[in-house]
Amino acid sequence: MSSRKVKVLRVAAEEWRALLRNRVAMIASLTLVALTVTSAVLGLQQRNATEAARARYQATSDEAFDAQPDRHPHRMVHYGQFVFRPLSALAFFDPGVDGFTGTTVFLEGHRQNSANFSEARQSSLLLRFGQLTPAFVLQTLAPLLIVFLAFGAVAREREQGTLRLLLAQGLRPSELAAGKLLAHVGVVALVAAPALVVLAVATLADWVPPLPSALMLSGYLVYLFIWAAAALLVSLLVRRAQDALILLVALWMGGVILVPRLLPELALARIPTPTRIETDVAVHHELKQIGDSHNPDDPYFASFKAKTLARYGVDKVEELPVQWAGLVGMEGERLTSELFDRHARAAFDREAEQNRLVRQFGSLSPLIALRQLSMSLASTDTESHQDFLEQVERHRYRFVQALNLLQVEKIPNQNAGEDPRIAAEHWKTLPGFTYQAPDMLHLAGERIRSNLVVLFCWLAALLAGCGWAARRLGEVAR
Amino acid sequence: MSAWKADVKLLFRARLSAGALLLLLLVSALAVAAGLAATARQRDVIGRVEAAQRLDLASVVLEYGKPDGNAGSAAYYTFHLTTDPPSPLAFAALGQRDVQPYVLRVRLLGLQSQLYESETLNPELALPGAFDFAFVLIYLAPLVIIALMYDLVSGEREAGRLRLLVSLPVSGRGVWARRSVLRYLLVLGALLGPFVVGAVISRAPVGETFAIALAAALYVAFWLGLALLVAARGRSSSAANGAALIGCWIVLTLLVPALANAVISRALPVAKGIDLTLAQRELVHRAWDIPKQETFQRFFVNHPEWRDTPPVLGRFHWKWYYAMHEVGDDGVSAEVAEYRRSLTAREVWTARLGWLLPAAAVQTLLHRAADSDLLAHLAYQRDIERFHGRLRDFYYPYLFQERPFQNADFEQMPRYAPRPSSASLPVSSLLGLLVLVVLVLGAAVTAVRSLSLSAAPDAS
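Keep in mind it's a predicted model, so treat the numbers as computed, not measured. (Residues numbered from 1 in each chain as written. Chains lettered and ligands numbered in written order. Predicted model: local features only at pLDDT ≥ 70, side-chain atom pairs only at ≥ 80, totals over all residues. Heavy atoms only, no water.)

> I would appreciate a short explanation of the overall build of chain B in the present structure.
Per the secondary structure count, chain B includes 18 helices and two strands. Taken against the 2.2 N^0.38 rule, which gives 23 Å for 460 residues, the C-alpha radius of gyration of chain B at 30 Å runs more than 25% over that of a compact globule. Its C-alpha atoms put chain B at 105 × 40 × 35 Å along the principal axes. Looking at chain B as a whole, 59% of its 460 residues are labelled buried. Long-range pairs, those at least 24 residues apart, make up 84% of the contacts in chain B between residues at least 6 apart in sequence. With an accessible surface of roughly 18500 Å², chain B has 65% of that area assigned to carbon and sulfur atoms. Each charge class in chain B can be summarised by its mean position, and for the 44 positive and 37 negative side chains these summaries are 12 Å apart. (Helix = DSSP H or I, 4+ residues; strand = E, 2+ residues; numbered from the N terminus. Rg over C-alpha atoms; globule rule 2.2 N^0.38 Å. Buried < 20%, exposed > 50% of the residue type's maximum accessible area, 1.4 Å probe, protein only. Contact = heavy atoms within 4.5 Å. Areas by Shrake-Rupley, 256 points an atom, 1.4 Å probe, with all protein chains shown as cover. Lys, Arg positive; Asp, Glu negative; His and termini not counted. Charge placed at Lys NZ, Arg CZ, Asp CG, Glu CD.)

In structure tokens:
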């Protein structure tokens, strides 16, 4: 082993010894470890309970649907279906926006309903203090612990006069900085260890996919290294340990508490969101512009009628072999759904624009980049909720049109009687909703990559800063 | 008086203290401005929706306001707008107004399938929580107090002035009180200055404004007492005192609330909202498969006045359709009450937590006074329910007496008037906070006294 390496290790070992002697530091570290483990266990339990409840609701609601009696198919269009969003496996680690999005959507014809009953709408404002999850512990609390352990790394030596002594004994500033950094890399590893164990156990037990959990863990490691490097940098630059602490706590406050709250305000003010009511009115209005199926002279539906008659080779709707009202219903549903799709896409685009505005500041606060990365990997970000809504809408369309088709084919076009119904076994043939969990590495690959890049850039910049500050330290001490 | 002046000078000479105070003033002003902007935005949205609604209503009137118009179709196609504009103090504590809808359209159909509709909301923006005065008060003000107080005593010790200070006969005794009161007033001024300006701008009621100011004064006093206690008791370095105080801040504003939320949401699960909508759907749709008389029998229990109207003979009649919907709502009224009870229970337990946790007490107090919490939303829902009752009272005579529904009848439709504020002053939270403040300040004063006593004989 080169003497340089030995020296670096000695410095690191000394720093560790000092940290171990500090009782407050030990208690804080152990508390954080306990918190990570507790929150993971609680999170896992909560996730499984939520998931089981949603699966149970889905099953009950599907059974109720299949058990409906003989009916006119259009009655079933209005009876509708309930779908529940399943939770991803990694949601126990980072529930992301799940508490703020609705979890159940009612599907029916002619209408696109919202996702309802979100946890945030049903909780007291305590929820806004943050949810106790591993993500919260590692994103919010762990950086502060790292700051407290590392702020004095160099500043205290300087304050106590040992710095001059060390350098006079021939220790190079770069070796000192490397040693201190090594010591705090070790601290970070210890702080992240419980999360590592939890994710490793979950992966081995096949609860969570391996690659996303590995990426998740590396994201958090880089994030915590960023804080360790920032603490060291400030410690290298600032004259008094106390100033270093104050500066670092201020950085934490700004980056972790303040900026994430300020930016959404900016995004909302810059990019206004139309309400559901405005959208509903607009859809209704646009639909009227296309045509009115109840009006026999309406140009759109007159041409639809002509086309349909030509397709079946008959002269009057009464001669059609299939039910005319059902055909009109299908065409109407097609038109409304097209409009829903257009408005939904516009809404998603607007959300994306708002989020882009916030995420751009990932370069300002690494927390924003990390939070995004973590939610994407856990499939609990806005995009995966949108993916759920898109799948739901596609399913709604298929489901409603399947019922409309039953009406077209099974209900007689003429003399159907006062109360035409079809047999109940048809309900069982209709598609139930199964959510295809997206492959996040595929769906969010671009975002995951760019957020990782942002985090690595932060780390690289801070490490370069530490190198520069260490050289400067040598000049100052000389 | 000169001692006060000297302390003010001393305080502002320290870069950290002056910076922290200025920052607090700036952030507080920014938060008030952001809060005012957010409530203005909500009023704009209400205005926009009202315009869209007028457009929609006009087209409905055009289509269904015929001389032989049918009240059934008119009621089916007419949406009625309800709005819940922000209270004048909502700017200070936006609360749940970012996730709860404050505009909702309802029809004569079953209310329980319409009441829980969500507004378009970008969840990622709601996730971190609002940036408002409540946030600055609860999270940031304690940090500023910590910055101003953590080395109050140890700083003097480290500078070697402590013994001299406590041995001074006249000014020495009062030095800690003077410095504490000075910091207290400055912090409170930096916080409340912008808040009062905001309250004046939005013409907030004096009572509730005063209540919020009082809650802020107590909360700041709590943190000042805690900081003074640690400063006086802590025998070690300034850095250790600062670390201990930051630890208190994490525990009291981040950790315990998050833990309490986990406990409360687990102890009081509220899936009942889903249960009741599922149950209501079954009730409404079953009505198509049972004899109409059964539905009417239930309907007439609450509406004996229509008992003697002609029976429905054909397959469909609007009056049967709406009766079916009302019976569906009635069928789940027990579940609805239970759902609201469990939501209210969550609020009640949060308020109880305020007896131990100042941050929770202030959170409850501010949002209750600003009428922007879950209880406020429940009040809005109850008001929509009352309005829905008025809609039924309006339409039923047309339906059951088979009167035509014409152009002029649209003019007679009930209009929703925003509910009166449900704001209240949770006296128990205020008392709980007061007790906490008295306890902490008492402990702090004792600690400061013993500090003087222990140091004084040494010096003499």
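Read on for the rest.
> Any chance you could explain a nonpolar patch on the surface here in plain terms?
Taken together, the side chains of B:Trp355, B:Leu356, B:Leu425, B:Val427, B:Leu431, B:Leu434, B:Val435, B:Val438 and B:Leu439 make up a nonpolar region of the molecular surface, amounting to roughly 880 Å² of accessible area. With respect to the helices, strands and loops of the structure, B:Leu356 is situated in the loop between helix 14 (333–353) and helix 15 (358–370). (Patch = residues over 30% accessible without salt bridge, like charges linked within 9 Å, V, L, I, M, F, W, Y side chains within 5 Å. Salt bridge = Lys/Arg side-chain N within 4 Å of Asp/Glu carboxyl O.)

> Hey, could you run me through the UniProt feature "transmembrane region" (unreviewed entry) in chain B in this one?
Residues and elements named next belong to chain B. With numbering matched to this structure, UniProt assigns "transmembrane region" (unreviewed entry) to residues 133–153, 181–204, 210–231, 243–264 and 425–448. For residues 181–204, the end-to-end C-alpha separation is 28 Å, with 88% helix and 0% strand making up the annotated structure. The straight-line gap between the two end C-alpha atoms of residues 425–448 is 34 Å; of that span, 92% is helix and 0% is strand. (UniProt positions renumbered as here; feature names shortened; annotations may be inferred.)

> Is there a simple way to explain unusual backbone geometry in this structure?
Where the residue is not glycine, phi is negative for most of them; where a peptide bond is considered, it is trans in most cases. Residue and element names in this part refer to chain B. At Asp-371, a residue that is not glycine, the phi angle is positive and equals roughly 55°. By the secondary structure assignment, Asp-371 is in the loop between helix 15 and helix 16 (374–400). Given the relative accessible area of 5%, Asp-371 is considered buried. A positive phi angle is found at Glu-402, which is not glycine, with a value near 50°. Counting through the fold element by element, Glu-402 comes out in the loop between helix 16 and helix 17 (407–412).

> Looking at this structure, I do not really get the sheet that holds strand 1 (residues 81–84) of chain A. What am I missing?
Sheets are built from strands paired through backbone hydrogen bonds, the pairs being either parallel or antiparallel. All names here are of chain A. Taken together, three strands build an open sheet; the order of strands is 1-2-3 and the sheet is antiparallel. Each of the sheet's edge strands pairs with one partner strand only, and the pair in question is strand 1 and strand 3 (111–116). With strand direction ignored, the average angle separating the axes of adjacent strands in the sheet is 20°. Bridge analysis of strand 2 (residues 104–108) against strand 3 gives four bridges, and the strand direction is antiparallel. Across the sheet, residue Val-105 finds its bridge partner in strand 3, namely Ala-115. (Pairing = 2+ DSSP bridges. Axes fitted to C-alpha atoms, helices over the stretch in contact; angles between N-to-C directions.)

> What is the right way to read the interface of chain A and chain B from this model?
Accessible area lost on assembly of the parts is the figure often given for the size of an interface. Residue-level contacts link 88 residues of chain A with 94 residues of chain B. Both sides of the chain A and chain B interface together cover about 8200 Å² of buried area, and 61% of this is carbon and sulfur. Of all residues in chain A, A:Arg121, A:Phe129 and A:Arg261 give up the largest surface area on contact with chain B, accounting jointly for 11% of the area buried on that side. For the pair chain A and chain B, the interface holds 11 salt bridges. Residues A:Arg71 and B:Asp289 are paired through a salt bridge, measuring 2.6 Å at the closest nitrogen-oxygen approach. Our count for the chain A to chain B interface comes out at 45 residue pairs in polar contact (both at pLDDT 80 or more). Per element, the largest residue contribution to the side of chain A that touches chain B is 15 residues, and it comes from helix 9 (residues 241–270) of chain A. (Buried area = accessible area lost by both parts, 1.4 Å probe. Polar contact = N/O pair within 3.5 Å; in protein donor to acceptor, adjacent residues only side chain to side chain.)

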